[in-house]
Amino acid sequence: MTLAYEQLRQVTPLAGVVLAANPSVMTLDGTNTWLLRDDPSRRQAVVVDPGPDEEAHLASVLDAAGSVPLILLTHGHPDHSEGVQRLHELTGAPVLALDPAHRYGSQGVGEGAVLDAAGVRIEVWATPGHTTDSLCFLLSGEPGEGGPAAVLTGDTILGRGSTVVAHPDGVLADYLTSLRRLASLEGVAALPGHGPELTDAGEAARGYLAHREQRLDQVRQALADGGPDLSAMDVVRRVYADVDRSLWPAAEWSVQAQLAYLRGEAAS
């Protein structure tokens, strides 16, 4: 798929995306800013993850959205939330997030909340792990259809590769629990914070779980070979030797989370 930055691309009947021009090793192709509405011709949309605080990106989002009744955050990392304040100033729309530090308006949002805006029903799942404040948003299908039509996964599930458990804010045990929950979404499209959309969130979650279990086994082996006092970076050198070194700092976060998980497992 050819990348088209700062242009609306309709992905499902309820969701379109504007790809921010902020590619990096952490953001993949860039941040996906999602626009939700019941009809692509409606000149009103909910904005999820405004992305970077760059006027060109926010102008593209507003041009594609029309009026904005509501802004949502999957989590507070800057590549998703940096543009929130400016978009709030431009639209007056409330910003709903789990972390109060990122809210604009008196209302928060969390597990079990159901939102209705721009003709779309949005169910909120708390999915901690990547960060403590990570949320997923389930979009209802067409009237009369059962189950969600799609799920916005933020950085809990990416369009390619695996995500970082951002220790100490991110907790691996929580992340595994969140993935097991998402694994129930058989055949539901996953709309991630970075990378291309996926056709099956449940399948992706199960793949992530298998990958995490494999990494845990590798970390266990590294500790068995090198001793229990290996540092996180020592483990990275052993377990992530085949990974581009530009990703090692992020891998170190995940290894710190893995070590905390294994030590907790040993203590219980």
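Just above, that's the structure.
Keep in mind it's a predicted model, so treat the numbers as computed, not measured.

**Here we look at the overall build of the chain**
In step 1: Tallying secondary structure elements over the chain gives seven helices and 11 strands in all.
In step 2: Its C-alpha atoms give the chain a radius of gyration of 19 Å, within 12% of the compact-globule value 18 Å for 268 residues.
In step 3: Along the first, second and third principal axes, the C-alpha atoms of the chain reach 60 × 40 × 40 Å.
In step 4: Taking all 268 residues of the chain together, 50% fall into the buried category.
In step 5: Pairs at least 24 residues apart make up 55% of the contacts formed inside the chain by residues separated by at least 6 positions.
In step 6: Considering the chain, the positive charge centre built from 18 side chains and the negative charge centre built from 35 side chains are found 3 Å apart.

**A short note on the sheet that holds strand E7 (residues 114–117)**
In step 1: Reading across the sheet, the five strands line up as E7-E8-E9-E10-E11 and stay open at both edges, with mixed pairing between neighbours. Only two strands of the sheet have a single partner each, and these edge strands are E7 and strand E11 (189–192). Ignoring strand direction, the axes of neighbouring strands in this sheet form an average angle of 25°.
In step 2: Here four bridges tie strand E9 (residues 135–140) to strand E10 (residues 148–154), and the two strands are oriented antiparallel to one another. Bridging from a neighbouring strand, leucine 138 pairs with valine 151 of E10.

**Describing the layout of surface pockets**
In step 1: Considering only enclosed or pocket space, the largest pocket measures out at about 530 Å³ in volume.
In step 2: Forming the boundary of the largest pocket are 24 residues, of which Ser162, Thr163, Val164, Leu247 and Ala250 lie nearest the centre.
In step 3: Counting residues per element, the ones that place at least two in the lining of the largest pocket are helix H5 (201–226) and helix H7 (248–267).
In step 4: Looking at which element gives the most residues to the lining of the largest pocket, the answer is H7, with four residues.
In step 5: Residue classes in the lining of the largest pocket are distributed as 11 nonpolar, eight polar and five charged.

**What about H5?**
In step 1: For H5, built from 26 residues, the straight-helix expectation of 38 Å at 1.5 Å per residue is met to within 8% by its first-to-last C-alpha distance of 37 Å.
In step 2: Along H5, the residues that are buried comprise Ala201, Gly202, Ala204, Ala205, Tyr208, Leu209, Arg212, Arg215, Leu216, Val219, Ala222 and Leu223.
In step 3: N-capping of H5 is provided by aspartate 200, with a side-chain oxygen placed 3.0 Å from the backbone N of glycine 202.
In step 4: Glycine 227 lies just past H5 and shows a positive phi near 105°.

**Points about the packing of aromatic side chains**
In step 1: According to the stated counting rule, one finds zero aromatic pairs in the structure shown.
In step 2: The ring of tryptophan 125 has arginine 181 sitting right over it, with the charged end atom 4.0 Å from the ring centre.
In step 3: Above the ring of tyrosine 240, the side-chain terminus of arginine 215 is found at 4.2 Å from the ring centroid.

**Comments concerning helix H6 (residues 232–239)**
In step 1: Those residues of H6 not exposed but buried are Ala232, Met233, Val235, Val236 and Val239. Looking straight down H6, one finds that the buried residues subtend no more than 155° of arc, so they occupy a single side.

**Quick word on the nonpolar core**
In step 1: Among the nonpolar cores identified, the biggest contains 40 residues, and Val151, Leu182, Leu185, Val235 and Tyr240 are the most heavily contacted of them.
In step 2: For this core, the secondary-structure elements that each account for two or more residues are E9, helix H4 (172–182), H5, H6 and H7.
In step 3: Aside from chain neighbours lying at most four places away, what touches tyrosine 240 is Arg215, Val235, Trp248, Ala251, Ser254, Val255 and Gln258.

**Some details on the pattern of salt bridges**
In step 1: The final tally for this structure, using the stated rule, is nine salt bridges.
In step 2: With a shortest N-O distance of 2.9 Å, arginine 9 and glutamate 197 are connected by a salt bridge. Of the two residues, arginine 9 is situated in strand E1 (residues 8–10) and glutamate 197 in the loop between E11 and H5; the sequence distance between them amounts to 188 residues.
In step 3: Residue classification places glutamate 197 among the partly exposed residues on the basis of a relative accessible area of 27%.
In step 4: One salt bridge connects arginine 237 with aspartate 234, and the closest N-O pair in it is separated by 3.1 Å. Linking arginine 237 with aspartate 234, this pair stays in helix H6, spanning three residues, or about one helical turn.
In step 5: Since its relative accessible area comes to 46%, arginine 237 is described here as partly exposed.
In step 6: Taken together, the shared-partner salt bridges in this structure form one network comprising Glu55, Arg86 and Glu89.

The rules behind these values
- Numbering of residues begins from 1 in every chain and follows the order in which that chain's sequence is written.
- The predicted nature of this model means local features are confined to residues of pLDDT at least 70 and side-chain atom pairs, given and counted, to a pLDDT of 80 or more, with totals for whole chains, interfaces and linings taken over all residues.
- Note that water and hydrogens are dropped before the side-chain values are worked out from all heavy atoms of the structure.
- Going along the chain from the N terminus, every DSSP run of H or I of four or more residues is numbered as a helix, and every run of E of two or more is numbered as a strand.
- For the radius of gyration, the atoms used are the C-alpha atoms, and the globule rule reads 2.2 Å times the number of residues raised to 0.38.
- The cut-offs for exposure are 20% and 50% of the maximum accessible area for each residue type, with area from a 1.4 Å probe on protein chains only; residues under the lower value are buried, those over the upper are exposed, and the others partly exposed.
- Contact between two residues is taken to exist if any of their heavy atoms lie within 4.5 Å; hydrogens are not considered.
- Positive residues here are Lys and Arg, negative ones are Asp and Glu, while His and the chain termini are left out of the count.
- Here the site of a charge means atom NZ of a Lys, CZ of an Arg, CG of an Asp or CD of a Glu.
- When DSSP finds two or more bridges between a pair of strands, those strands are recorded as paired.
- Structural elements are reduced to axes, namely lines fitted to C-alpha atoms, with helices fitted over the stretch in contact, and the angle between N-to-C directions of any two is expressed from 0 to 180 degrees.
- Space inside and on the surface of the protein is sampled on a 1 Å grid over the protein atoms alone, with a cavity defined as a set of points where a 1.4 Å probe fits but cannot get out and a pocket as an open set with protein on both sides within 12 Å along at least 5 of 7 lines; lining residues have an atom within 4 Å of a point.
- Grid points are joined across faces, edges and corners, and a volume is the space filled by probe spheres set on the points.
- Amino acid classes used here: Ala, Val, Leu, Ile, Met, Phe, Trp, Tyr, Cys and Pro are nonpolar; Asp, Glu, Lys and Arg are charged; the rest, including Gly, are polar.
- Here, expected helix span is obtained from the residue count minus one, scaled by 1.5 Å.
- In protein, a polar contact means a hydrogen-donor-capable atom and an acceptor-capable atom, both N or O and within 3.5 Å, with residues adjacent in sequence counting only if both atoms are side-chain atoms; elsewhere, any N or O pair within 3.5 Å suffices.
- Stacked, tilted and edge-to-face pairs are distinguished by plane angle, under 30 degrees for stacked and over 60 for edge-to-face with tilted covering the rest, among Phe, Tyr and Trp rings (Trp via its six-membered ring) whose centres lie within 6.5 Å.
- We call a charge positioned over a ring when the NZ of a Lys or the CZ of an Arg lies within 6 Å of the ring centre and within 35 degrees of the ring normal.
- Note that the arc is defined by the directions from the helix axis to the C-beta atoms.
- For our purposes a nonpolar core is just a set of buried Ala, Val, Leu, Ile, Met, Phe, Trp, Tyr and Cys residues, chained together by side-chain atoms within 4.5 Å.
- The salt bridge criterion pairs a side-chain nitrogen of Lys or Arg with a carboxyl oxygen of Asp or Glu, the two atoms within 4 Å.

Shape is all these values report; function is a separate question.
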